[in-house]
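# Analysis of the macromolecular model
Residue strings, one per chain:
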Amino acid sequence: MIDPHLHHVPRLGRHPGRFRLVGTPVIVVMLGSSLTALPFVAQSPVLPPFGLLLLLAWCGYTTLTADFPAEALTKWNWVWKAIIAGVFLPLVLRTRLRIEALSLFMVLCASTIIINGGMKTALSGGGYGVLNLMVENNSGLYEGSIISCVAISLIPLILWLSKHGTVFPPDWKVKMFCYCLCLACLLMPVGTEARTGLVCIVILAGLMLMRSKRKFVYGPLMLLAALISIPFLPASFTQRMQTI
């Protein structure tokens, strides 16, 4: 319980202060937690991927020696997080269960945004820069082009989990959720009207058709489904896609 006399302090009893949110780098928390947990989750001594370590060193050198190092450090801030995560993950993802658990965690985290955006698109439509994805933010996963690309790229992973998952054994409820989630993923480019999403859908359809054993059956069906869906698409979506 918090002392009621301290409720005048903005941070206590409500939300973390802005200094606490902005002043603490996320990468510091991630790195500290990762190094602390490493002795407990690593099954045997393994060497980190030296290629990523060299890439990390090269990124650091080129950033610090750039013509505008301060601006370059801000621009490529996300690169450090991705590379450090890439160095750390091979040290702990040593079993099939851990890889599947990480994949499932990624899908479920992204689905909180995708389901919200898919339902809003199906019920009320969307628009470029108009679709509200839970927060008033236009960066990261909440940016239209990025979430559209991520949603389409997760479809093969969702389908794999619906057939071969062990954390949630594939029954009719799991498969129904996965199929509905795939539909929500396909609706994300429509709601955000991001041209990136349409390009990703075309590439995904081509890759799935290449791996199919019945190309001459599924190919015309995909084309027919695309033609049938055009009248149901918003006019603003079709007009924007014509600018590709």
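This one's a predicted model, so the numbers in the text were calculated from it and none came from an experiment.

Within the protein, the secondary structure is distributed over 12 helices and 0 strands. What you see in the protein, going N to C, is helices and strands ordered as α-α-α-α-α-α-α-α-α-α-α-α. Residues counted as buried form 25% of the 244 residues belonging to the protein. Of the roughly 16800 Å² that the protein leaves accessible, carbon and sulfur atoms contribute 71%.

This structure, assessed with the given rule, holds 0 disulfides. The thiol of Cys 200 is not disulfide-bonded; the next cysteine sulfur, from Cys 149, is found 3.8 Å away.

Turning to a nonpolar patch on the surface, a few remarks are in order. Taken together, the side chains of Met 208, Val 217, Tyr 218, Leu 221, Met 222, Leu 224, Ile 228 and Phe 232 define a hydrophobic patch exposed on the protein surface, amounting to about 790 Å² of accessible area. With 6 residues, helix α11 (residues 215-229) is the largest single contributor of residues to the nonpolar patch. Inspection of the secondary structure puts Met 222 in helix α11. Given the relative accessible area of 34%, Met 222 is considered partly exposed.

With that settled, the discussion passes to the packing of helix α8 (residues 155-164) against helix α9 (residues 172-192). Their axes nearest at 9 Å, the elements α8 and α9 cross at an angle of 175 degrees. By the criterion of interaxial angle, the relationship of α8 to α9 is roughly antiparallel. Every residue of α9 that contacts α8 at Ile 155, Ile 158, Leu 159 and Ser 162 is listed here: Lys 175, Cys 178, Tyr 179, Leu 181, Cys 182, Cys 185 and Leu 186. For the contact of α8 with α9, the residue count by class is 9 nonpolar, 1 polar and 1 charged.

About the cut-offs
Residues numbered from 1 in each chain as written. Predicted model: local features only at pLDDT ≥ 70, side-chain atom pairs only at ≥ 80, totals over all residues. Heavy atoms only, no water. Helix = DSSP H or I, 4+ residues; strand = E, 2+ residues; numbered from the N terminus. Buried < 20%, exposed > 50% of the residue type's maximum accessible area, 1.4 Å probe, protein only. Areas by Shrake-Rupley, 256 points an atom, 1.4 Å probe, with all protein chains shown as cover. Disulfide = S-S within 2.5 Å. Patch = residues over 30% accessible without salt bridge, like charges linked within 9 Å, V, L, I, M, F, W, Y side chains within 5 Å. Salt bridge = Lys/Arg side-chain N within 4 Å of Asp/Glu carboxyl O. Axes fitted to C-alpha atoms, helices over the stretch in contact; angles between N-to-C directions. Parallel < 35°, antiparallel > 145°, perpendicular 65-115°, else oblique. Contact = heavy atoms within 4.5 Å. Nonpolar A, V, L, I, M, F, W, Y, C, P; charged D, E, K, R; others polar.

These figures capture arrangement, not role.
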